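As a plain string of letters, each chain reads:
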Amino acid sequence: MIKPRSWLPTPLLSILLLLVWLLMTRSMAFGQILLGSVLAIVIPLLTYRFWDLQPHVSQPWLLLRFVLRVLGDIIVANLEVAWLIINPWRRMRPHFVEYPLMVKKRFTVTLLANTISLTPGTVSANLRMDGKTLLIHALDVEDEEALINHIRERYERPLMEIYEC
């Protein structure tokens, strides 16, 4: 649980809440700005006790490199999935894969599962109760071990470097 540091525990969240409020109301009237500001201050104060501790990023350049890698992989995967769809003679090989996790922290597991789901053609289907295995569905799997190694090297190891080491 995070303890509030002041009347504004998360300034960035408050700014984001205010911006979202103004975009939703599509108005820059004084009353809307005032109401959005009150909500932007009150909502974080009422909900801080439900938040997990925010992870510390010791190497922001690794995080930037990881984000760029994921964005590149999303573009490539979109092209691969489109190619699979427009080629009727190409047979897809859908498959469920049990992925053994090396990461331990809940935040890192969540990031890994979301990264896998963001990439077209794969989706994180289930996290086992023991938290050591992630069930992944892939649209086209030629080699299960190659897919596991690909995910481990491209996503899991960088996440471990960024958040767990």
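Residues numbered from 1 in each chain as written. Predicted model: local features only at pLDDT ≥ 70, side-chain atom pairs only at ≥ 80, totals over all residues. Heavy atoms only, no water.

Enquirer: In this structure, what is going on with the overall build of the chain? I would like to understand it.
Expert: Looking only at helices and strands, the chain features five helices and three strands. When the helices and strands of the chain are read in sequence order from the N terminus, they spell out α-α-α-β-α-β-β-α. Computed over C-alpha atoms, the radius of gyration of the chain comes to 20 Å, more than 25% over the 15 Å expected from 2.2 N^0.38 for 165 residues, which places it beyond the range of a compact globule. Structurally, the chain occupies a C-alpha span of about 60 × 40 × 30 Å along its principal axes. Within the span of the chain, comprising 165 residues, buried residues form 28% of the whole. Residue pairs in contact within the chain that sit at least 24 positions apart in sequence constitute 70% of those at least 6 positions apart. (Helix = DSSP H or I, 4+ residues; strand = E, 2+ residues; numbered from the N terminus. Rg over C-alpha atoms; globule rule 2.2 N^0.38 Å. Buried < 20%, exposed > 50% of the residue type's maximum accessible area, 1.4 Å probe, protein only. Contact = heavy atoms within 4.5 Å.)

Enquirer: It is not clear to me how the pattern of salt bridges should be interpreted in this structure. Could you clarify?
Expert: Taken as a whole and assessed by the stated rule, the structure comprises six salt bridges. One salt bridge connects Glu 156 with Arg 152, and the closest N-O pair in it is separated by 3.3 Å. Here the residue Glu 156 and the residue Arg 152 both occupy positions in helix H5 (residues 144-164), the gap between them amounting to four residues, near one helical turn. Using a relative accessible area of 0% as the deciding quantity, one classes Glu 156 as buried. Judged by relative accessible area, Arg 152 falls into the buried class, the value being 11%. Through salt bridges with shared partners, a single network forms among Arg 93, Asp 140 and Glu 142. (Salt bridge = Lys/Arg side-chain N within 4 Å of Asp/Glu carboxyl O.)

Enquirer: Where do I start with the packing of aromatic side chains in this structure?
Expert: Each aromatic ring pair is specified by the distance between its two centres and by the angle formed by the two planes. The tally for this structure, following the rule as stated, stands at two aromatic pairs. Seen in terms of ring centroids, Phe 66 and Tyr 155 are 6.4 Å apart; in terms of plane orientation they differ by 90°. Their pairing is edge-to-face. Residue Phe 66 is found in helix H3 (residues 60-86), and its partner Tyr 155 is found in helix H5; the two are separated by 89 residues along the sequence. Both residues of the pair, Phe 66 and Tyr 155, belong to the buried class. Taking 5.2 Å as the distance between ring centres and 75° as the angle between the ring planes, the aromatic pair formed by Phe 107 and Tyr 163 counts as edge-to-face. With Phe 107 in helix H4 (residues 106-118) and Tyr 163 in helix H5, the pair connects residues that are 56 residues apart, well separated along the chain. (Phe/Tyr/Trp six-rings, centres within 6.5 Å; stacked < 30°, edge-to-face > 60°.)

Enquirer: Can you help me understand a nonpolar patch on the surface in this one?
Expert: Nonpolar side chains collect at one region of the surface, where Phe 30, Leu 34, Val 38, Val 42 and Leu 46 lie side by side and expose about 500 Å² of accessible area between them. Here Val 42 is to be found in helix H2 (residues 30-47). (Patch = residues over 30% accessible without salt bridge, like charges linked within 9 Å, V, L, I, M, F, W, Y side chains within 5 Å. Areas by Shrake-Rupley, 256 points an atom, 1.4 Å probe, with all protein chains shown as cover.)

Enquirer: Got a minute to help me understand unusual backbone geometry in this structure?
Expert: Leaving glycine aside, a negative phi is the common case for residues, and trans is the common case for peptide bonds. Positive phi, close to 50°, is recorded for Arg 26, a residue that is not glycine. Its location among the elements puts Arg 26 in the loop between helix H1 (11-25) and H2. On the accessibility criterion, Arg 26 (78% relative accessible area) is exposed.

Enquirer: Explain H4 here, please?
Expert: Two residues of an α-helix separated by three or four positions point the same way, owing to the 3.6 residues in each turn. For H4, which comprises 13 residues, the first-to-last C-alpha distance of 18 Å matches the rise-based estimate of 18 Å (1.5 Å per residue) to within 8%. All of the buried residues along H4 are Thr 108, Val 109, Leu 112, Ala 113, Thr 115 and Ile 116. Down the axis of H4, the sector holding all buried residues measures 160°, keeping them to one side. For H4, the exposed residues lying more than 90 degrees away from the buried face are Arg 106 and Leu 118. If you follow the buried residues of H4, they end up packed against H3, strand E1 (95-100), strand E2 (122-127), strand E3 (133-138) and H5. (Expected span 1.5 Å × (residues − 1). Arc of directions from axis to C-beta.)

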